[in-house]
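These are the residues of each chain, in order.
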Amino acid sequence: MAARYQGVFPVVPTTFDEAGALDLESQKRCVDFMIDAGSAGLCILANFSEQFVLSDDEREVLTQTILKHVAGRVPVIVTTTHFGTKVCAERSRRAQDLGAAMVMVMPPYHGATIRVSEAQIYGFFSQLSDAIDIPIMIQDAPVSGTPLSAAFLARMAKEITNVCYFKIETPGAASKLRELIRLGGDAIEGPWDGEEAITLLPDLHAGATGAMTGGGYPDGIRTIMDAWQTGKHEEAADAYQRWLPLINYENRQGGILTAKALMKAGGVIACEAPRHPFPAMQPEVREGLLATARRLDPLVLRWAR
């Protein structure tokens, strides 16, 4: 199957004002910056979008606002994860109706202990596929606490029509991607890297064709991805080494708030605060993050100047 979507699809952060309300004007500027920075597409309402502090009504507002503002400039993936099969299917149909190119979904889980069997997971994704006509990306991430073997993922890709993209964020991601591609063959339309690109180069070696990273510096990630996709592997390795300090700072220090800190420093958005009770970034971490970024001169620090 020819891949419909490849390249760098960063996660769009959700922007709030100081009181914790949605800031839709900042949200639009954020999206414009990310497109101007070379994103091949965008993902909204993911964990790095602080989706866990959003109400259902706010999810609807954000989906409508962002898809309308993007206006087809790039494809948009909408995260529709929910434990309930019916709720997830309804969210996904709504996202499709509003213009989503794909949905991204984690296996059903709740809290630290509520999990379901492989048979239930299979049924979940099968019913989700029946409800929509766009691709489904399974997000294989430790936060779900649900082991998904490469063999099980490949089986779902072969047997469930719209399950064809996979964002692998587990330890040993490159080995899992390689095994998934081997077992799934042409059914694996999109083997993707995640986790802020901390494992991007080995994942590209393993066959990854997409990367879902943080949203602060798509232009930097593009230098790695573009070189690799054009066969310039040494150039890709050099670019990876150049950007790795900032990738590492996001992955291990700044986390979810990294993109917003960079966007606020560059004047893209008005406020970088998370929504309570998520803790704000420590000032010393922010200082280190910005110092690391300035050495690389990413577009985010000068786009709004």
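Scroll up a little and you will see the structure.
1. Notes on the environment of V285
Right, so step 1: With respect to the element layout, V285 can be found in helix α11 (residues 283-294).
Right, so step 2: The class of V285 is buried, set by a relative accessible area of 16%.
Right, so step 3: Remark: the alpha-carbon pair of V285 and D203, spanning 82 residues in sequence, is separated by 28 Å.
Right, so step 4: Other than its neighbours up to four places away in sequence, V285 contacts Y249, Q253 and G254.

2. Remarks on the packing of helix α2 (residues 56-70) against helix α3 (residues 85-98)
Right, so step 1: Contact geometry of α2 with α3 gives a least axis separation of 10 Å together with a crossing angle of 25°. By the criterion of interaxial angle, the relationship of α2 to α3 is roughly parallel. Judged by the sense of rotation from one axis to the other, the crossing of α2 with α3 is right-handed. On α3, the residues touching D56, R59, E60, T63, Q64 and L67 of α2 are R91, R94, A95 and L98.

3. Remarks on the pattern of salt bridges
Right, so step 1: Per the counting criterion, the structure on display carries 15 salt bridges.
Right, so step 2: With a shortest N-O distance of 3.6 Å, E169 and K167 are connected by a salt bridge.
Right, so step 3: According to the relative accessible area criterion, E169 is buried, its value standing at 11%.
Right, so step 4: With a shortest N-O distance of 2.8 Å, E179 and R182 are connected by a salt bridge. Here R182 and E179 lie together in helix α6 (residues 173-184), a separation of three residues that amounts to about one turn.
Right, so step 5: Using a relative accessible area of 29% as the deciding quantity, one classes E179 as partly exposed.

4. Description of α11
Right, so step 1: Given a rise of 1.5 Å per residue, twelve residues ought to cover 16 Å, and the 16 Å separating the end C-alpha atoms of α11 matches this to within 8%.
Right, so step 2: Of the positions making up α11, those classed as buried are V285, G288, L289, L290, T292 and A293.
Right, so step 3: Structurally, α11 contributes buried residues whose contacts are with α9 (233-254) and α10 (258-265).

5. Observations regarding unusual backbone geometry
Right, so step 1: Each neighbour pair has its own omega, and for H276 with P277 the value is 15°, a cis peptide bond.
Right, so step 2: Backbone geometry at A71 places phi at a positive 55°, although glycine is not the residue there.
Right, so step 3: Structurally, A71 is set in the loop between α2 and β3 (76-79).
Right, so step 4: A71 sits in the exposed class, given a relative accessible area of 59%.
Right, so step 5: Positive phi is not limited to glycine here, since E195 has a value of about 50°.
Right, so step 6: Relative accessible area serves as the criterion here: at 27%, E195 is assigned to the partly exposed category.

Quick notes on the rules
Residues numbered from 1 in each chain as written. Predicted model: local features only at pLDDT ≥ 70, side-chain atom pairs only at ≥ 80, totals over all residues. Heavy atoms only, no water. Helix = DSSP H or I, 4+ residues; strand = E, 2+ residues; numbered from the N terminus. Buried < 20%, exposed > 50% of the residue type's maximum accessible area, 1.4 Å probe, protein only. Contact = heavy atoms within 4.5 Å. Axes fitted to C-alpha atoms, helices over the stretch in contact; angles between N-to-C directions. Parallel < 35°, antiparallel > 145°, perpendicular 65-115°, else oblique. Left-handed = near helix turned anticlockwise from the far one by under 90°. Salt bridge = Lys/Arg side-chain N within 4 Å of Asp/Glu carboxyl O. Expected span 1.5 Å × (residues − 1).

By themselves, these observations are geometric and do not establish any function.
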